[in-house]
Each structure stands twice: as structure tokens, then as C-alpha cells.
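# Chain and residue survey
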Amino acid sequence: MTGALLSVQGVHRTFGTGPSAVHALNDVSFEVEPGTMVALVGRSGSGKTTLLNVIGGLDRPDAGTVVVDGLDVTGLDEDGLSRLRRERVSYVFQTFGLIPVLSAAENVGVPLRLAKSDPAEREKRVALLLDLVGLADHAQQRPGELSGGQQQRVAIARALAASPRLLIADEPTGQLDAETGLAVMALLRGVVESEGVTAVVATHDPVMMALADRVIRIADGEVTC
């Protein structure tokens, strides 16, 4: 496609009413080009997570629009939002979110099972992604048998399984030590290039900012640059 893959225009989000209301997002607007990685930077409570939730359809703005891959997210009903998260948008969370009883390969394959992909094609895609994140030799291990960095790599592979157009990552290295976090950040940079995915990554890490194509700063619910 031409133009922006992600367009956020005039987004407002307020929690509560009256004097105690919290204005989490205030007239936020920006665009992200296809195949780029954007670092979303701001202090705790600045609105980063709320913005990511609005972009991915986990929360609805009070005003404004979000368009992902030509689709108006803010105009979708619940079924449409479910399809969006199944087909176009994937998440990587700080807490990994893996299913403990499933192997690494089975965790990666979950989105493909939900999409009713051909089993043979699913196995090929899972093997490719585990190789991409450097875990081909750990396919049969369960999350509890993997280190934190390895679990996050599985989570990244799972997020890529259904070939999303947009990858949203909320502090993906927040629970990792510095060395492991650096490796995961470099991996995210690599998958943006190898998979052609667009990524928006909330972070406070200067290394991630350096790896990003662009840095968007948010403070008190407003984009400052």
C-alpha cells in the first residue's frame, strides 16, 4: 500500500468524570509509514499504554480516529475488532503471555490454529519463525523450561505467526536484564526488516530509541515531537 500504514488523528481518551477525570490522551495525531519501527517514549503514566490499546482496538477513544492498513479501527464492532487482532495487528507484552502447558512451537502456532491454517503450512511457518528468533532447538520446550529472554522470543514469534501488518510491543524488555533486553531489541529490529512488518514499541530504553526509524515522545497524554 502507499501512504501511512497507521494513522492516528485527533485521539482523546479520558478516564473518569468531573474534577477527578484523568485525560490520558489529548488530541494525539501522527502517522507511521509501512515497514518502519517507531519507538513510543514517555514516563510512566504518560499515556503510552493507553495509546497502544487504542491503536490495537483494545480500548476505544472518546474522540478521533485510528486507521490501520486502510481500516478504520474506531468504527469497528466487536467482531470487527476481533478480526483486526487476528489478522492485522499483533501484540508483544512485557509479561510474555505464553500458555504454560504448551510447547514453544505450540504457543507460536496458536494464532494459525485460530485462523484454521493448513496443518502442514502451519508447521512450516512455526519452524521458520522459531528459526528466525533463534529457538529452533527449543521447539518442544515449555515456557517454564525457558529463560525470560527465550520466552520473549517465543512471544515475538507468536506475534508474527499470522503475518500481521502492525506489531505493537508494550515495554517488551521491561522484565529482562540489560544484555538479554538488548538482544530482544535487536531481534525486533531484525524482524521488522525480514518480515516487512510495521512496529510501534513503547520503551524507555535509549538503545531501542537508537534502533528505531523514528521516536515519538508523549508526555501528559500529548505528543511532544
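See the structure printed just above.
In what follows, the accompanying structure is described. (Residues numbered from 1 in each chain as written. Predicted model: local features only at pLDDT ≥ 70, side-chain atom pairs only at ≥ 80, totals over all residues. Heavy atoms only, no water.)

## Let's talk about the overall build of the protein chain
The secondary structure content of the protein chain amounts to seven helices and 10 strands. The C-alpha radius of gyration of the protein chain comes to 17 Å, within 12% of the 17 Å expected for a compact globule of 225 residues. With the C-alpha coordinates of the protein chain rotated into their principal frame, the extents come out at 55 × 40 × 35 Å. The proportion of buried residues among the 225 residues of the protein chain is 47%. If you take every contact in the protein chain between residues at least 6 apart in sequence, the share linking residues at least 24 apart comes to 70%. If you sum the accessible surface of the protein chain, you get close to 10,500 Å²; carbon and sulfur atoms cover 50% of it. The protein chain carries 20 positive and 28 negative side-chain charges, and their two centres are separated by 3 Å. (Helix = DSSP H or I, 4+ residues; strand = E, 2+ residues; numbered from the N terminus. Rg over C-alpha atoms; globule rule 2.2 N^0.38 Å. Buried < 20%, exposed > 50% of the residue type's maximum accessible area, 1.4 Å probe, protein only. Contact = heavy atoms within 4.5 Å. Areas by Shrake-Rupley, 256 points an atom, 1.4 Å probe, with all protein chains shown as cover. Lys, Arg positive; Asp, Glu negative; His and termini not counted. Charge placed at Lys NZ, Arg CZ, Asp CG, Glu CD.)

## A few points about helix H3 (residues 104-114)
Taken together, the buried positions of H3 are Ala104, Ala105, Asn107, Val108, Gly109, Pro111 and Leu112. Next to the buried residues of H3 lie helix H4 (119-132) and helix H5 (148-160). Where H3 ends, the next residue or the one after it, Lys116, has phi of about 60 degrees, a positive value.

## Some thoughts on unusual backbone geometry
The phi dihedral of Asp69 falls on the positive side, at around 55 degrees, and the residue is not glycine. Not every positive phi belongs to a glycine, and Asp220 is a case in point at roughly 50 degrees.

## Some points on the pattern of salt bridges
If charged atoms from side chains of opposite charge come close, those side chains can pair. Tallied over the full model, the rule gives 10 salt bridges. Put simply, Asp62 and Arg13 hold a salt bridge, and the shortest N to O gap is 3.5 Å. With a gap of 49 residues between them, Asp62 in the loop between helix H1 (48-55) and strand E4 (63-68) and Arg13 in strand E1 (residues 6-15) connect regions that are remote in the sequence. Residue Arg13 is classed as buried on the basis of its relative accessible area, which comes to 14%. The salt bridge partner of Arg88 is Asp69, with a shortest N-O separation of 3.5 Å. Taken together, the residues span a long stretch of sequence, with Arg88 in the loop between helix H2 (78-87) and strand E6 (89-92) and Asp69 in the loop between E4 and strand E5 (71-72) at a distance of 19 residues. Each of Arg13, Asp59 and Asp62 takes part in a single network of salt bridges with overlapping partners. (Salt bridge = Lys/Arg side-chain N within 4 Å of Asp/Glu carboxyl O.)

Nothing here speaks to function; it is geometry throughout.
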